[in-house]
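Given next are the chains, with one letter for each unit.
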Amino acid sequence: MFILLAVLWAGCAPPEPANAGEQLSATQTAAFATGAERLLASNFEALKGRRVGLVTNHTATVGDRHLIDALHEVETVELAALFGPEHGLRGTAIAGDAVEDGRDSATGIPVFSLYGERRAPPDSVLRELDMLVFDIQDI
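This structure is a prediction, so every number in the text was calculated from the model and none was measured. Throughout this document, residue positions are counted from 1 along each chain, in the order its sequence is written. A pLDDT threshold of at least 70 governs which residues receive local features in this predicted model, and a stricter bar of 80 or more applies before side-chain atom pairs are shown or counted, although totals over entire chains, interfaces and linings include all residues. Just so you know, side-chain values use all the structure's heavy atoms and leave hydrogens and water out.

Run through the overall build of the protein, naming residues and quoting values.
Each helix and strand in the protein was counted, giving five helices and eight strands. Reading the protein from its N terminus to its C terminus gives the helix and strand order β-α-α-α-β-β-β-α-β-β-β-α-β. Three exposure classes are used, based on accessible area relative to the maximum for each residue type with a 1.4 Å probe and protein chains only: buried under 20%, partly exposed in between, and exposed over 50%. Of all 139 residues assigned to the protein, the portion counted as buried reaches 38%. Working rule for contacts: check all heavy atoms of both residues, and any pair within 4.5 Å makes them a contact. Here the contacts in the protein between residues at least 6 apart in sequence split such that 65% fall between residues at least 24 apart. Throughout, the Shrake-Rupley method with a 1.4 Å probe supplies accessible areas, and for residues the shown protein chains are the sole cover considered. When the accessible surface of the protein is totalled, it reaches about 8,200 Å², and 52% of it is carbon and sulfur. Only runs of H or I of at least four residues qualify as helices and only runs of E of at least two qualify as strands under DSSP, and these elements are numbered from the N terminus.

Got a sec to walk through the side chain of Asn57? Specific residues and values, please.
Residue position: Asn57 is located in the loop between strand 2 (51-56) and strand 3 (61-62). Polar contact criterion, stated in full: a pair of N or O atoms within 3.5 Å, where within protein one must be able to donate a hydrogen and the other to accept it, and residues adjacent in sequence count only if both atoms are side-chain atoms. At 2.5 Å, the side chain of Asn57 and the side chain of Thr59 are in polar contact.

Tell me what's going on with the nonpolar core, and back it up with residues and numbers.
Working definition of a nonpolar core: buried Ala, Val, Leu, Ile, Met, Phe, Trp, Tyr and Cys residues. They are joined through side-chain atoms within 4.5 Å. If you look at the biggest cluster of nonpolar residues, it comprises 21 residues, and the most contacted ones within it are Phe44, Leu47, Val52, Leu79 and Leu82. At the level of elements, helix 3 (35-41), strand 2, helix 4 (67-72), strand 5 (78-84) and strand 8 (131-135) are the ones that each hand at least two residues to this core. For this core, the leading source of residues is helix 4, giving four residues. Residues Val55, Ala80, Phe112 and Leu114 belong to the second largest nonpolar core, which totals eleven residues.

Put into C-alpha cells, the structure is as follows:
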C-alpha cells in the first residue's frame, strides 16, 4: 500500500516557478494551497486508478465542500473506505462518545471508526486499499 501523506503535507507549500531560474512575485509567494486543494486542481491525478481509504474528519474541506464529497465524484478514483477519528467523519458525534462503524450517509461508503475500542484501521480493510490518505487539520 502506498501512503499519500507526503502529498497533502507537501501541498501546503507556495507554488513552484514554472521555469527554472524564474523568480516568484510577492503575490505568488504569498499564495497558499492545501494538499486537498492541489489534489482537486489536478483532478486528483495522484489518486487515479487507485482504491483509496481516507482518514479524515469535519475539517477536511475543499472550498465549501467536504473532501469526501469532492473525491467521491471523481470517476477515476475509487473511494473505498472512510476512517473517522473522534467526533466522526462529519463532526456530528458528541465529544467523548464512541463512534460506531457504518456507512457515510451522503455517499454510502463504509466508515470505520477510529474512536472507541479501535484506534487504527483494520488490517483486513487496509489490505483491500492501494492508498491511504490523511486529511485532518488538527495534525
